Amino acid sequence: MKKLLCVPILCVVLALALDSACPAPAAANKQLEVFSWWTSGGEGVALEALFKVYNHKNPGVEVRNAAITGGGGSAARPALQTRLARGNPPDTWQTHPGHELLGHYVQAGYCVPVTFLYQSEAWDRVLPEGLLDQVSKGGDVYAVLVGAHRGNVLWYNKKVLNKYGIKVGDTLSFEQFFSAAQKLKAAGMVPLAVGDAGLWATAELFENTLLGVLGPQGWQELFGGKMAFDDPRVKLAARLYDRMLDCQNKDHSALSWDQAVRALIRSKAAFTAMGDWTYGELAKAGLKENEDFGWVSSPGTEGAFLAVVDGFTLAKDAPHPDEAIAWLEMVGSKEAQENFNALKGSIPVRTDVDKGKLSVYQRWSMASFDHDVLLASCVHGEVVPATFQQELNDAISLFVADRDVERFTAALVQAAKACGLSK
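Please read all numbers here as calculations on a predicted model, not as lab measurements.

This brings us to the packing of aromatic side chains. Working definition: an aromatic ring pair is given by the centre-to-centre distance plus the angle between the planes. Overall, the coordinates contain 28 aromatic pairs when judged by the stated rule. With a centroid separation of 5.1 Å and an interplanar angle of 40 degrees, the aromatic rings of Trp38 and Phe340 are classed as tilted. Separated by 302 residues along the polypeptide, Trp38 in the loop between strand 1 (30-35) and helix 2 (41-57) and Phe340 in helix 14 (residues 334-344) bring together distant segments of the chain. Phe340 shares its class with Trp38; the two are buried. When the centroid spacing of 4.9 Å and the interplanar angle of 35 degrees are considered together, the rings of Phe399 and Phe408 count as tilted. Assigned by exposure class, Phe399 and Phe408 land together as buried. Among the aromatic residues, those joined into a cluster by ring pairs are Trp38, Phe51, Tyr54, Phe312, Trp327 and Phe340. Between Arg77 and the ring centre of Trp37, over which it is positioned, the NZ or CZ distance is 4.7 Å. Here the basic side chain of Arg243 rests over the ring of Phe178, its NZ or CZ set 3.9 Å away from the ring centre.

A word on the packing of helix 3 (residues 76-85) against helix 4 (residues 99-106). Each pair of packed helices can be described by the angle between their axes along with the distance between the axes. Direction vectors running N to C along helix 3 and helix 4 enclose 30 degrees, while the axes themselves pass 13 Å from each other. Compared by their axis directions, helix 3 and helix 4 come out roughly parallel. Residues Arg77, Leu80, Gln81 and Leu84 of helix 3 touch helix 4, and the partners they reach there are Glu100, His104 and Tyr105.

Another point: the side chain of Ser377. Relative to the helices and strands, Ser377 is located in the loop between strand 12 (373-376) and helix 16 (386-402). Judged by relative accessible area, Ser377 falls into the buried class, the value being 0%. A distance of 3.1 Å separates a polar atom in the side chain of Ser377 from a polar atom in the side chain of Glu207. In this structure, Ser377 is in contact with Glu207, Leu306, Ala307, Val308, Glu382 and Val383, ignoring residues within four places of it in sequence.

To continue, consider the nonpolar core. Formed by 76 residues in total, the largest nonpolar core has its most connected members in Phe177, Leu192, Phe223, Phe271 and Phe388. In terms of residue count, helix 9 (residues 200-223) provides more of this core than any other element does, eleven residues in total. Setting aside anything within four residues of it in sequence, one finds Leu192 in contact with Leu154, Phe177, Leu205, Met244, Cys247, Gln248, Asn249, Phe271, Thr272 and Ala273. Formed by 59 residues, the second largest nonpolar core is a distinct cluster that contains Trp38, Ala66, Val114 and Val144.

The mixed open sheet is built from four strands, whose spatial order is 8-9-7-10. Here the strands that pair on one side only, and so sit at the sheet edges, are strand 8 (190-193) and strand 10 (293-297). Across the sheet, the mean angle separating the axes of adjacent strands is 25 degrees when strand polarity is ignored. In terms of strand pairing, strand 7 (residues 153-157) meets strand 9 (residues 269-273) through three bridges, oriented antiparallel. Paired with Leu154 across the strands is Ala273, a residue of strand 9. Along the sheet, helix 15 (residues 360-371) contacts strand 7 and strand 10; its crossing angle with strand 10, the most-contacted strand, is approximately 5 degrees.

Between helix 2 and helix 14, the least distance of the axes is 8 Å, while the angle of their chain directions is 165 degrees. Classed by the angle they form, the pair helix 2 and helix 14 counts as roughly antiparallel. Helix 2 and helix 14 meet at a crossing whose hand is right-handed. Along the contact surface, helix 2 presents Gly42, Glu43, Val45, Ala46, Leu47, Ala49, Leu50, Val53 and Lys57, while helix 14 presents Glu335, Ala336, Asn339, Phe340, Leu343 and Lys344. Taken together, the residues of the contact of helix 2 with helix 14 break down into nine nonpolar, two polar and four charged.

So, about unusual backbone geometry. We note that Ser267 has phi near 60 degrees; this positive angle belongs to a residue other than glycine. For Ser267, the location among the structural elements is in the loop between helix 11 (257-265) and strand 9. Judged by its relative accessible area of 31%, Ser267 is partly exposed. Notably, Asp317 is not glycine yet its phi reads approximately 60 degrees, a positive angle. Inspection of the secondary structure puts Asp317 in the loop between strand 11 (304-312) and helix 13 (321-331).

About the thresholds
Residues numbered from 1 in each chain as written. Predicted model: local features only at pLDDT ≥ 70, side-chain atom pairs only at ≥ 80, totals over all residues. Heavy atoms only, no water. Phe/Tyr/Trp six-rings, centres within 6.5 Å; stacked < 30°, edge-to-face > 60°. Helix = DSSP H or I, 4+ residues; strand = E, 2+ residues; numbered from the N terminus. Buried < 20%, exposed > 50% of the residue type's maximum accessible area, 1.4 Å probe, protein only. Lys NZ or Arg CZ within 6 Å of the ring centre and 35° of its normal. Axes fitted to C-alpha atoms, helices over the stretch in contact; angles between N-to-C directions. Parallel < 35°, antiparallel > 145°, perpendicular 65-115°, else oblique. Contact = heavy atoms within 4.5 Å. Polar contact = N/O pair within 3.5 Å; in protein donor to acceptor, adjacent residues only side chain to side chain. Core = buried A, V, L, I, M, F, W, Y, C linked by side-chain atoms within 4.5 Å. Pairing = 2+ DSSP bridges. Left-handed = near helix turned anticlockwise from the far one by under 90°. Nonpolar A, V, L, I, M, F, W, Y, C, P; charged D, E, K, R; others polar.

Structure follows, in structure tokens:
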């Protein structure tokens, strides 16, 4: 009997030994796919900062960077739309608030509410109400915002301007800019670096010129349907934009926006007109604020903050929902926003961050954000539907070629009527 009993006991002992010696089957790899258009030098560094914070908080998750090159999302959005229509969404994707988020992704049911995060993290207490409204619909919130760019900025190479005896004060009028441009052109220096291989870059130049003529109230009237796009003030903006185009580099259509910034960095041009994602490129190149480069509000736009705000969604049927929610929790945190924006050139949307961690430029931008009139961008799809955005790009493309103000504004009138922006 004892021998018969020893056999099963021995088997049990061996089984236990083998079980302790062999590792358990590995758990399935955790993954997260993040879709954006942040691929330039400064943008890439800032995005990596977010990945670093995420991996620190979520070790073991493989993050797939699905960024697609093309400033302003010009190439990324069509690719994203194709994936969404085929039911193959990334876990989370970059978006702008307003029409782009609510009219395009929420209305189509491509993303789901993240209201629960705003409640659990109390983000509604530290986010400006105006921004919260732009990501909300029907009582729910649909994106977590990470940073706010100021679109209406004119950057300049201080050493170039000093060489030609040009000074820029706290503000710059159109005529002051054109006077400086004339002096620069006479000396053989490119006044304004533009890279509009992506058409949105020159559209943004027009947008800032338009704001400089209309002012905040006129901007709200125009995009609120109370002013026509053939109003004399819009035509004046078109004529000033025409003069701006005469100041740009001849190879503008062959350059991307960041290549135009590179011309400024290399002292091949004096100014560049671009949102403050430019700051990330300047900083990455090692240029110093108020020594190598300076900035001023785009001509006539002081008192306004043309906001280009970035956020992330939660995809409906996200392949990795838990990892995506963890990403959104991280994006909304103080740590992530302080680290990311310090590199990107934007400012945190949270009002409780440590301003001492931001640059001189960013503190200037944050003061504008706090005190000036916040306006949503047209070119970046916040204040207009995608149909008008495309019609504007088409009209801009034609205007750059023919410089016909009447035809240009007439096209915008028709586009506004077609999308319901005006009667």
